Amino acid sequence: MPAEQLYPWCELQWQRLLQQRASDRLPHALLLSGPAGVGKEGFAETLASLLLCHQPNNDAPCGHCHSCELHAAGHHPDLVRASPEAEGKPIKVDQVRELIEHLHSTAQQGGYRVVIMSPAESLNISSANALLKILEEPGRNTLLLLVCHQPGQLMPTIRSRCQRIDFATPSAEQSELWLQQKLKLEQDRAAQLLRLCHGAPLKAQALYEGDLLEQRKKLMSGLADLLRGRMAASELAQQLLKADLLQCLDWINSLLSDIVRIQLADLQEPAVNADMKRMLQAIAKRASSAQVFALADRIQEERVSLLLRQNPNRQLLLERLLLQWAELSR
Ligand SMILES: [Zn+2]
């Protein structure tokens with residue numbers, strides 16, 4: 001179950017909702033919108049917890065009533081979550097039908113019923129249409145929380161039926177400070193992690209705590225080996241088969257951005273991938289900007305097709321990109 005946590009940079013959004021709740025103007029559907037890794041899920045879980053709590057104190061869930069215990073244990077009967085069954089897959093129409101059925105049965109604890117759907121852009125056309133019905137007639141004391149990283153991909157008819165709450169990437173200072181305290185890190189290290197994650201603090205935390213840093217290390221040393229001719233593209237592609245593909249594309253993309261900035265803005269230091277400075281400076285000297293842009297375009301195309309959930313041959317996709325990468329230093 002996702003952590004129930006309200007992050008310091010979400011305070012304004014939280015206070016606004018509390019005001020609405022105090023004046024009994026809480027809507028039936030909220031669209032929590034903003035980049036991934038800035039705390040929207042934690043916000044949704046905290047709000048669900050508050051609405052379901054039997055004895056909230058000072059606008060916070062008490063943490064020890066029966067309802068809070070059920071929530072903490074991850075199986076509150078009045079809280080339904082819907083997410084894709086696997087990453088990159090859609091939220092299916094059956095999942096939406098199930099939750100509608102659940103909402104139509106009465107609230108078992110006698111209070112609110114809450115749905116958390118994440119990420120809402122994973123709804124396909126038929127599941128979105130099924131959801132529309134419940135958005136139109138949600139029933140009393142029902143709150144749908146749609147967590148959405150890319151609201152542009154959501155059907156306009158869904159968007160227009162939700163009150164939207166925007167979450168932005170917090171300031172670098174705020175994120176750095178939070179990350180330093182959270183992970184007991186030096187400021188430099190926190191800043192470096194944040195740069196790798198476009199400033200999203202929870203992504204930076206996950207990068208630090210999970211095996212993603214290990215994946216990145218493997219990719220970076222593989223890319224360097226490719227340039228030196230010490231490894232074949234097919235071999236590296238094979239090694240990366242189990243890695244998070246979109247993440248790998250993002251990382252290569254961020255290397256390309258660094259190279260272009262070195263070439264065109266005449267920067268000496270890579271803005272993001274400081275640890276790969278020598279490799280990036282070498283490529284910036286040898287490759288033309290046109291070559292770098294061509295590879296970036298290619299990656300963008302592959303990203304789009306992955307996001308559209310076409311099922312590519314991963315080995316082939318990676319191999320082609322890596323061959324093009326190796327060309328950069330020829
Ligand atoms: Zn409680």
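Rules behind the numbers
Residues numbered from 1 in each chain as written. Predicted model: local features only at pLDDT ≥ 70, side-chain atom pairs only at ≥ 80, totals over all residues. Heavy atoms only, no water. UniProt positions renumbered as here; feature names shortened; annotations may be inferred. Helix = DSSP H or I, 4+ residues; strand = E, 2+ residues; numbered from the N terminus. Buried < 20%, exposed > 50% of the residue type's maximum accessible area, 1.4 Å probe, protein only. Contact = heavy atoms within 4.5 Å. Areas by Shrake-Rupley, 256 points an atom, 1.4 Å probe, with all protein chains shown as cover. Domains from an automatic or database assignment. Axes fitted to C-alpha atoms, helices over the stretch in contact; angles between N-to-C directions. Parallel < 35°, antiparallel > 145°, perpendicular 65-115°, else oblique. Nonpolar A, V, L, I, M, F, W, Y, C, P; charged D, E, K, R; others polar. Donors = N, O, S within 2.8 Å, 3.2 Å for Na, K, Ca; no water. Tetrahedral: all angles 85-135°; square planar, octahedral: opposite > 155°, others 65-115°. Lys, Arg positive; Asp, Glu negative; His and termini not counted. Salt bridge = Lys/Arg side-chain N within 4 Å of Asp/Glu carboxyl O. 1 Å grid on protein atoms, 1.4 Å probe; cavity = no way out; pocket = protein on both sides within 12 Å on 5 of 7 lines; lining within 4 Å. Points joined across faces, edges and corners; volume = space filled by probe spheres on them. Expected span 1.5 Å × (residues − 1). Arc of directions from axis to C-beta. Phe/Tyr/Trp six-rings, centres within 6.5 Å; stacked < 30°, edge-to-face > 60°.

An unreviewed UniProt entry annotates the protein as DNA polymerase III subunit delta' of Marinobacterium iners DSM 11526. Database annotation for the protein, UniProt heading Catalytic activity (unreviewed entry): "DNA(n) + a 2'-deoxyribonucleoside 5'-triphosphate = DNA(n+1) + diphosphate".

K.L.:
Before we go on, may I ask you to explain the overall build of the protein in this structure?
P.N.:
On a plain count of helices and strands, the protein comes out with 15 helices and five strands. In terms of principal-axis extent, the alpha carbons of the protein reach across some 70 × 45 × 30 Å. Counting the 330 residues in the protein, one finds 50% classified as buried. By sequence separation, contacts in the protein at least 24 residues apart represent 71% of the contacts at least 6 residues apart. When the accessible surface of the protein is summed, it comes to about 16,600 Å², and 49% of that surface belongs to carbon and sulfur atoms.

K.L.:
Even after reading the chapter, I still don't get the domain arrangement of the protein, so can you show me in this structure?
P.N.:
Accessible area lost during the coming together of the parts is what is often quoted as the interface size. Here the protein is partitioned into domain 1 (8-166), domain 2 (169-210) and domain 3 (211-327). The distance between the C-alpha centroids of domain 1 and domain 3 comes to 37 Å.

K.L.:
Got a minute to help me understand the packing of helix 14 (residues 289-307) against helix 15 (residues 314-327) in this structure?
P.N.:
Each pair of packed helices can be summarised by the angle the axes make with each other and by the distance between the axes. Between helix 14 and helix 15, the shortest axis-to-axis distance is 10 Å and the interhelical angle comes to 170°. As far as their axial angle goes, helix 15 and helix 14 are roughly antiparallel. Here helix 14 contributes Gln-291, Ala-294, Leu-295, Arg-298, Ile-299 and Glu-302 to the contact with helix 15, which in turn contributes Leu-317, Arg-320, Leu-321, Gln-324, Trp-325 and Glu-327. Taken together, the residues of the contact of helix 14 with helix 15 sort by class into six nonpolar, two polar and four charged.

K.L.:
Sorry if this is basic, but what is going on with the coordination of the zinc ion here?
P.N.:
Each donor-metal-donor angle in an ideal tetrahedron of four donors is 109.5 degrees, and each such angle in an ideal octahedron of six donors is either 90 or 180 degrees. Around the zinc ion, the protein contributes the donor atoms Cys-53 (SG), Cys-62 (SG), Cys-65 (SG) and Cys-68 (SG), at 2.3 to 2.4 Å from the metal centre. Around the zinc ion, the four donor atoms sit at angles spanning 105 to 116°, and that spread fits a shape best called tetrahedral. Of note, the donors binding the zinc ion are all from one chain and are spaced C-x8-C-x2-C-x2-C. No difference in accessibility class separates Cys-62 from Cys-65, as the two residues are buried.

K.L.:
Any chance you could explain the side chain of Lys-40 here in plain terms?
P.N.:
Positionally, Lys-40 belongs in helix 2 (residues 40-52). Summary of buried charges: Lys-40 has no salt-bridge partner, and the nearest side chain of opposite charge, Glu-41, is 5.2 Å away. Excluding its chain neighbours within four sequence positions, the residues that come into contact with Lys-40 are Leu-32, Ser-33, Gly-34, Pro-35, Val-147, Cys-148, His-149 and Phe-167.

K.L.:
In this structure, what is going on with unusual backbone geometry? I would like to understand it.
P.N.:
Most peptide bonds adopt trans geometry, and most residues besides glycine take a negative phi value. The omega torsion of the bond from Ser-118 to Pro-119 falls at -10°, within 30 degrees of zero and hence cis. Positive phi values are uncommon outside glycine, yet Asn-141 reaches one of about 50°. Even without being glycine, His-198 reaches a positive phi, approximately 50°. With respect to the helices, strands and loops of the structure, His-198 is situated in the loop between helix 8 (187-196) and helix 9 (201-209).

K.L.:
Hey, could you run me through the layout of surface pockets in this one?
P.N.:
Remark: the empty space left among the atoms is shown by a probe the size of a water molecule rolled over them. Of the volumes computed, that of the second largest pocket is approximately 240 Å³. What lines the second largest pocket is simply Ala-224, Leu-227, Arg-228, Met-276, Arg-278, Met-279, Ala-282, Ile-283, Arg-286 and Ser-329. Of all the secondary-structure elements, those providing two or more residues to the lining of the second largest pocket are helix 10 (212-227) and helix 13 (277-286). For the lining of the second largest pocket, the element with the most residues is helix 13, which contributes five residues. Its residues placed into classes, the lining of the second largest pocket shows six nonpolar, one polar and three charged.

K.L.:
I tried to follow helix 1 (residues 11-22) on my own but got confused; where do I start?
P.N.:
Because the α-helix completes a turn every 3.6 residues, residues three or four places apart line up on one side. Its 12 residues give helix 1 an end-to-end C-alpha distance of 16 Å, which sits within 8% of 16 Å, the value for a rise of 1.5 Å per residue. For helix 1, the complete set of buried residues consists of Gln-13, Trp-14, Leu-17, Leu-18 and Gln-20. One side of helix 1 carries all its buried residues, which in axial view fall inside an arc of 160°. Away from the buried face of helix 1 by more than 90 degrees, exposed residues Leu-12, Arg-16, Gln-19 and Ala-22 are located.

K.L.:
Just checking my understanding: could you explain the packing of aromatic side chains for this structure?
P.N.:
What characterises a pair of aromatic rings is the spacing of the ring centres plus the angle enclosed by the ring planes. Taken as a whole, this structure holds five aromatic pairs when the rule is applied. On the numbers, 5.7 Å between centres and 80° between planes, the contact of Tyr-7 with Trp-178 is edge-to-face. Here Tyr-7, found in the segment before helix 1, pairs with Trp-178, found in helix 7 (residues 172-183); they are 171 residues apart in sequence, far enough to count as distant. For Tyr-7, a relative accessible area of 6% gives the class buried. Look at Trp-9 and Trp-178: their rings are 5.3 Å apart centre to centre, the planes differ by 85°, and that puts the pair in the edge-to-face class. Placement of the pair is Trp-9 in the segment before helix 1 and Trp-178 in helix 7, with a sequence separation of 169 residues. You'll find Trp-9 and Trp-178 in the same group, each marked buried. An aromatic cluster of three or more residues is present, and its members are Tyr-7, Trp-9 and Trp-178.

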